[in-house]
Amino acid sequence: MALARPFGERRPTDGVIAAVAVLVLTQLVGLIWAVIMAGIIWSGEVPDPFTPSAVVLLTVGLWAGYGIGSAWLATSLGDGPGAEYGATIKLADVPVGAAIGVGLQIAVLPLLYFVIGRFIDIDPSESARELVNQADGVLDLALLVVAVVVMAPLVEELFFRGLLLQSIDRAIGPVPAVLISSVVFALVHVEPIVLPGLFLFGVVASVITLRTGSLGIAWALHAAFNLTTVVLIRAGVI
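**Observations regarding the overall build of the protein chain**
Then step 1. Within the protein chain, the secondary structure is distributed over 9 helices and 0 strands.
Then step 2. Each helix (α) and strand (β) of the protein chain, taken in turn from the N terminus, gives the series α-α-α-α-α-α-α-α-α.
Then step 3. Taking 18 Å as the expected radius of gyration for a compact globule of 238 residues, we find that the protein chain reaches 18 Å, a close match to that expectation.
Then step 4. Each principal axis of the C-alpha atoms in the protein chain carries an extent, and together these give about 50 × 40 × 35 Å.
Then step 5. Put simply, the protein chain has 238 residues, and 43% of those count as buried.
Then step 6. At a minimum sequence separation of 6, the contacts of the protein chain that also span at least 24 residues come to 76%.
Then step 7. When the accessible surface of the protein chain is totalled, it reaches about 11,600 Å², and 72% of it is carbon and sulfur.
Then step 8. In the protein chain, 10 positive and 17 negative side-chain charges are present, and the distance between their average locations comes to 11 Å.

**Here's the deal with the packing of aromatic side chains**
Then step 1. Under the counting rule described, the total for this entry stands at 6 aromatic pairs.
Then step 2. Here Arg-161 stacks its cationic end above the ring of Phe-185, 4.3 Å away from the centre of that ring.

**Quick notes on the nonpolar core**
Then step 1. Counting 43 residues, the largest nonpolar core has Tyr-85, Phe-159, Phe-160, Leu-163, Leu-164 and Phe-201 as the members making the most contacts within it.
Then step 2. Secondary structure elements with two or more residues in this core: helix H1 (12-41), helix H2 (52-77), helix H4 (93-117), helix H6 (138-172), helix H7 (174-187), helix H8 (195-212) and helix H9 (216-234).
Then step 3. With 10 residues, H6 is the single largest residue contributor to this core.
Then step 4. Apart from the residues within four sequence positions on either side, Phe-160 is in contact with Tyr-66, Leu-165, Ser-181, Val-184, Phe-185 and Val-188.

**Some details on the packing of H4 against H8**
Then step 1. With their axes 10 Å apart at the nearest point, H4 and H8 run at an angle of 140 degrees to one another. Taken together, the axes of H4 and H8 are oblique relative to one another. Crossing handedness for the pair H4 and H8: right-handed. On H8, the residues that touch Ile-100, Leu-104, Val-108, Leu-109, Leu-112, Tyr-113 and Ile-116 of H4 are Leu-195, Pro-196, Gly-197, Leu-200, Phe-201, Val-204 and Ile-208.
Then step 2. Partitioned by chemical class, the residues of the contact of H4 with H8 number 13 nonpolar, 1 polar and no charged.

**A short note on the environment of Ser-182**
Then step 1. If you trace the backbone, Ser-182 turns up in helix H7.
Then step 2. On the basis of relative accessibility, which here comes to 0%, the residue Ser-182 falls in the buried class.
Then step 3. With 89 residues separating them along the chain, Ser-182 and Asp-93 place their C-alpha atoms 21 Å apart.
Then step 4. Apart from the residues lying within four places of it in its own chain, the contact partners of Ser-182 are Phe-199, Gly-202, Val-203 and Ser-206.

Calculation rules
Residues numbered from 1 in each chain as written. Predicted model: local features only at pLDDT ≥ 70, side-chain atom pairs only at ≥ 80, totals over all residues. Heavy atoms only, no water. Helix = DSSP H or I, 4+ residues; strand = E, 2+ residues; numbered from the N terminus. Rg over C-alpha atoms; globule rule 2.2 N^0.38 Å. Buried < 20%, exposed > 50% of the residue type's maximum accessible area, 1.4 Å probe, protein only. Contact = heavy atoms within 4.5 Å. Areas by Shrake-Rupley, 256 points an atom, 1.4 Å probe, with all protein chains shown as cover. Lys, Arg positive; Asp, Glu negative; His and termini not counted. Charge placed at Lys NZ, Arg CZ, Asp CG, Glu CD. Phe/Tyr/Trp six-rings, centres within 6.5 Å; stacked < 30°, edge-to-face > 60°. Lys NZ or Arg CZ within 6 Å of the ring centre and 35° of its normal. Core = buried A, V, L, I, M, F, W, Y, C linked by side-chain atoms within 4.5 Å. Axes fitted to C-alpha atoms, helices over the stretch in contact; angles between N-to-C directions. Parallel < 35°, antiparallel > 145°, perpendicular 65-115°, else oblique. Left-handed = near helix turned anticlockwise from the far one by under 90°. Nonpolar A, V, L, I, M, F, W, Y, C, P; charged D, E, K, R; others polar.

Below is the structure:
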């Protein structure tokens, strides 16, 4: 199941150390960037509720850390993202990933949260619904779609299913890699209410990535998953 490396013939632990470094630096850069943006644009106070433009501005630091950090490591220590992470996509990956992403969002996650809801009162769509409903007009909605359907899947898959997953896989094996990378993926999204769903999402994307040796289906899956969320919210379904 393993994807051979990353980073050529280096020690298996080198990739894990590099991944942890990118994760920590990304969170730090993201925090500093958000503080700067809040200070410059909103006079020190982040808007509440968030608008799509605010979310994009505040998230640029995280995107840069995940994307640039992962790509730079793959290029400087290895043979580039394509060789090290399987960062390629084929036309056939798109319908497969899209079907899985839509299925997760409209069938699997509702079932998961129905079960959880038997024990605790939760609304896993609350934050996403607040954000999507803040999109006022075509341009605002287009900005939101670009952010959550293009940018977020691109950089998050490159790091979580590229650098992090595959580094752990090479060091200690596929099962710990899938579980650990999925836990981290869920935790960095901060909100406890969405942790179960994001963990399950991470497991599915991770297994597919290791099975196929490519990020292609995971990219399509992530994009379709997020797009389905936007569509369902705008349609008033969730």
